[in-house]
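These are the residues of each chain, in order.
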Amino acid sequence: MQPEFWHDRWDRNQIGFHLQQVNPYLPRLWPTLGLEQGGCVLVPLCGKSLDMSWLAANGHEVLGVELTQTAVEQFFSEQQVEPQIRQQGAFKVYEAGPVTILCGDVFALTEADVASCVGLYDRAATIALPAEMRAAYAQHLNRIMPSGCRGLLVTLDYDQSQMNGPPFSVPDAEVQSLLAPAWTLEIIEQPDVLDQEWKFLKSGVTRLVERVYRLEKTGKA
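Model, not experiment: these values are computed from the prediction.

Observations concerning the pattern of salt bridges
Working step 1: Within this structure, the stated rule accounts for seven salt bridges.
Working step 2: Between Arg 211 and Asp 157 there is a salt bridge, with its nearest N and O atoms 3.1 Å apart. Placement of the pair is Arg 211 in strand 9 (residues 209-217) and Asp 157 in strand 7 (residues 150-157), with a sequence separation of 54 residues. The exposure classification of Arg 211 matches that of Asp 157, with both residues buried.
Working step 3: For Glu 186, the salt bridge goes to Arg 214, with nearest N and O atoms at 3.0 Å. Taken together, the residues Glu 186 in strand 8 (residues 183-189) and Arg 214 in strand 9 connect sequence positions 28 residues apart.

In structure tokens form, the structure reads like this:
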């Protein structure tokens, strides 16, 4: 999957993956992580997610990473704030208050970039990537994220033969193989949400489990 795929989706406003509200898991489950206010939270492949605003409003510094400049610009425009913009290494950096978004390739993130992160919120990154890229992304996070970092991961699990991704199906066995033993993983919710997702129903998908994990980084990969 090439960068042009995502640039085209944003240019055409084909962003059905973007939620028009804060993900309901966030206010309910984020507090169970026990993270102190003021800590930095990494939000990979963040798009223009309202979840970043929620995290900021609840006392966190937010570090988003997004490939497509259109998405970054729309986030700040819709939040009615004017970001400061600068170049930092491989990234064009947009910063306003507690929210910083690095515009560029998530694989260009370094340990130094995320050294201050105490949290990780992945609702969109893992399920956005095809299998090979997904494995490389997980290995990259395993390598660079600080020990002790805690977070939430949201995945989808369905019969991939019934519909093409993205979003891709990432069953529990794959999540375990990608992230353990670098992270401890706990499934905290796994509802079947098929009746809420018309796109999947229309495509003939017969089962759609949305699985939420609580994560804690235990060491390097």
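Structure's up, so let's keep going.
Side note on the pairing of strand 9
Working step 1: Of all nine residues making up strand 9, seven are buried, and the element is well covered by its neighbours.
Working step 2: Pairing of strand 7 with strand 9, which is carried by eight bridges, proceeds in the antiparallel orientation. For Leu 153, the partnering residue across the bridge sits in strand 9 and is Tyr 213.
Working step 3: Relative to strand 9, strand 8 runs antiparallel, the two being bridged by six bridges. Bridge pairing in strand 9 links Ile 187 to Tyr 213.

Some words on the nonpolar core
Working step 1: Grouped together as the largest cluster of nonpolar side chains are 38 residues, with contacts concentrated most on Leu 42, Leu 109 and Met 145.
Working step 2: The element contributing the most residues to this core is helix 6 (residues 131-144), with four residues.
Working step 3: Setting aside residues no more than four positions away along its own chain, Leu 42 makes contact with Leu 63, Val 65, Leu 109, Val 114, Cys 117, Gly 119, Leu 120, Tyr 121, Leu 141 and Met 145.
Working step 4: Val 43, Phe 75, Ala 96 and Tyr 121 belong to the second-largest nonpolar core, a separate cluster that totals 26 residues.

A word on the sheet that holds strand 1 (residues 40-44)
Working step 1: Read from one edge to the other, the open sheet built from nine strands follows the order 3-4-5-2-1-6-7-9-8, with strand pairing classed as mixed. Each end of this open sheet is capped by a strand with a single partner; those strands are strand 3 (84-88) and strand 8. On average, each strand axis in the sheet is tilted by 25° relative to the strand beside it, whichever way the strands run.
Working step 2: Sheet topology note: the strand 4 (residues 91-96)/strand 5 (residues 99-103) ladder contains five bridges and is antiparallel. Within strand 5, the position partnered with Ala 96 by the bridge is Val 99.

Focus on the packing of aromatic side chains
Working step 1: For the structure shown, the criterion picks out four aromatic pairs.
Working step 2: On the numbers, 6.3 Å between centres and 15° between planes, the contact of Phe 76 with Tyr 94 is stacked. Taken together, the residues Phe 76 in helix 4 (residues 69-78) and Tyr 94 in strand 4 connect sequence positions 18 residues apart. A single burial state applies to Phe 76 and to Tyr 94, both of which are buried.
Working step 3: Measuring from ring centre to ring centre gives 5.2 Å for Tyr 158 and Phe 200, while their planes differ by 80°; the resulting arrangement is edge-to-face. Remark: Phe 200 occurs in helix 8 (residues 198-202) and Tyr 158 occurs in the loop between strand 7 and helix 7 (172-179); sequence separation between them is 42 residues.
Working step 4: In this structure Tyr 158 comes out as buried when scored by relative accessible area, which is 4%.

So, helix 7
Working step 1: Where helix 7 is concerned, the buried positions are Glu 174, Val 175, Leu 178 and Leu 179. All buried residues of helix 7 lie within an arc of 110° about the axis, which places them on one face of the element. Facing away from the buried side of helix 7, by more than 90 degrees, are the exposed residues Ala 173 and Ser 177.
Working step 2: Buried positions along helix 7 lie against helix 6, strand 7, strand 8 and strand 9.

Parameters and conventions
Residues numbered from 1 in each chain as written. Predicted model: local features only at pLDDT ≥ 70, side-chain atom pairs only at ≥ 80, totals over all residues. Heavy atoms only, no water. Salt bridge = Lys/Arg side-chain N within 4 Å of Asp/Glu carboxyl O. Helix = DSSP H or I, 4+ residues; strand = E, 2+ residues; numbered from the N terminus. Buried < 20%, exposed > 50% of the residue type's maximum accessible area, 1.4 Å probe, protein only. Pairing = 2+ DSSP bridges. Core = buried A, V, L, I, M, F, W, Y, C linked by side-chain atoms within 4.5 Å. Contact = heavy atoms within 4.5 Å. Axes fitted to C-alpha atoms, helices over the stretch in contact; angles between N-to-C directions. Phe/Tyr/Trp six-rings, centres within 6.5 Å; stacked < 30°, edge-to-face > 60°. Arc of directions from axis to C-beta.

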